[in-house]
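Spelled out, the chains give:
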Amino acid sequence: VLAFFVSDFFGTLATALGLGQQMGMLDENGNFPIIGKIFLVDAIGSVVGTCMGVTVVTSYVESASGIEVGGRTGLASVVTVLFAPLFLMIPAAATTPVLLIIGFVMMQGLKSIDFEIEEWVPVGMLIISTLFYGISQGIGIGLLTYCCVKSAYYLFTDERGRDKLPSLFTILFTLLTCIQFFI
């Protein structure tokens, strides 16, 4: 149950923040004010879908393609469902380049973040591991790398401020996230 929770939680978190940033719905601090509603809908969809014996209903990063062409509401999804049989006739080889371009467009949010030098390695590991292992595993590897790099930076440099160490919450969150690698 914990493995499913971690996978669904981080998948929804990454998708919501990525899509929220693409739509310009993040506030000046990078927070997504309606993320609670997104998690509520995702949780209800997961529970109801499971009880009915269907595939888990969750948020998908593929929604970025709808956002890219102007879709902002659930009506875009309804139209997509109505025309899905026509879209399924398009071979995957034709849609792959489009999804790659959308992925690159979503990565543009990284250029607005002012990372410190020791934070680039965890971000790089997160991106690379997400490509190869999936969103929840990528976030787990990124968090683990973040804690290791920050701790090493604290131990092996002259900057010994408490702000250079990962917070207790981050360490706890990382440990909970890494449980998925052992289950």
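A brief look at the structure comes next. (Residues numbered from 1 in each chain as written. Predicted model: local features only at pLDDT ≥ 70, side-chain atom pairs only at ≥ 80, totals over all residues. Heavy atoms only, no water.)

1. Re a nonpolar patch on the surface
- A contiguous nonpolar patch, built from Leu-75, Val-78, Val-79, Leu-82, Phe-83, Leu-86, Phe-87, Met-89 and Ile-90 and spanning about 910 Å² of accessible area, is present on the exposed surface.
- In this structure, Phe-83 sits in helix α4 (residues 74-87). (Patch = residues over 30% accessible without salt bridge, like charges linked within 9 Å, V, L, I, M, F, W, Y side chains within 5 Å. Areas by Shrake-Rupley, 256 points an atom, 1.4 Å probe, with all protein chains shown as cover. Salt bridge = Lys/Arg side-chain N within 4 Å of Asp/Glu carboxyl O. Helix = DSSP H or I, 4+ residues; strand = E, 2+ residues; numbered from the N terminus.)

2. Points about the layout of surface pockets
- Put simply, the largest pocket is a space of about 1800 Å³.
- Counting only elements with at least two residues in the lining of the largest pocket, the list comes to α1 (2-23), α5 (92-106), α6 (120-133) and α7 (135-156).
- For the lining of the largest pocket, a count of residues per class yields 26 nonpolar, twelve polar and two charged. (1 Å grid on protein atoms, 1.4 Å probe; cavity = no way out; pocket = protein on both sides within 12 Å on 5 of 7 lines; lining within 4 Å. Points joined across faces, edges and corners; volume = space filled by probe spheres on them. Nonpolar A, V, L, I, M, F, W, Y, C, P; charged D, E, K, R; others polar.)

3. What to know about the packing of aromatic side chains
- By the definition in use, this model includes three aromatic pairs.
- Centre to centre, the rings of Phe-169 and Phe-173 are 5.6 Å apart; their planes meet at 15 degrees, and the pair counts as stacked. Of this pair, Phe-169 and Phe-173 both sit in helix α8 (residues 168-178), four residues apart, which is roughly one turn of the helix.
- Overall, the relative accessible area of 26% leaves Phe-173 in the partly exposed class.
- One aromatic cluster in this structure is built from Phe-9, Phe-39, Phe-169 and Phe-173. (Phe/Tyr/Trp six-rings, centres within 6.5 Å; stacked < 30°, edge-to-face > 60°. Buried < 20%, exposed > 50% of the residue type's maximum accessible area, 1.4 Å probe, protein only.)

4. Brief notes about helix α2 (residues 35-51)
- Taking 1.5 Å per residue as the helical rise, α2 with its 17 residues ought to reach 24 Å, and the 24 Å between its terminal C-alpha atoms agrees with that figure.
- When we look at burial in α2, the residues that qualify are Asp-42, Gly-45, Ser-46 and Gly-49. Seen along its axis, α2 keeps its buried residues to an arc of 100 degrees; they face one direction. Turned more than 90 degrees away from the buried face of α2 sit Lys-37, Leu-40, Val-47 and Cys-51, all of them exposed.
- After α2 finishes, the residue Gly-53 shows a positive phi value of roughly 75 degrees. (Expected span 1.5 Å × (residues − 1). Arc of directions from axis to C-beta.)

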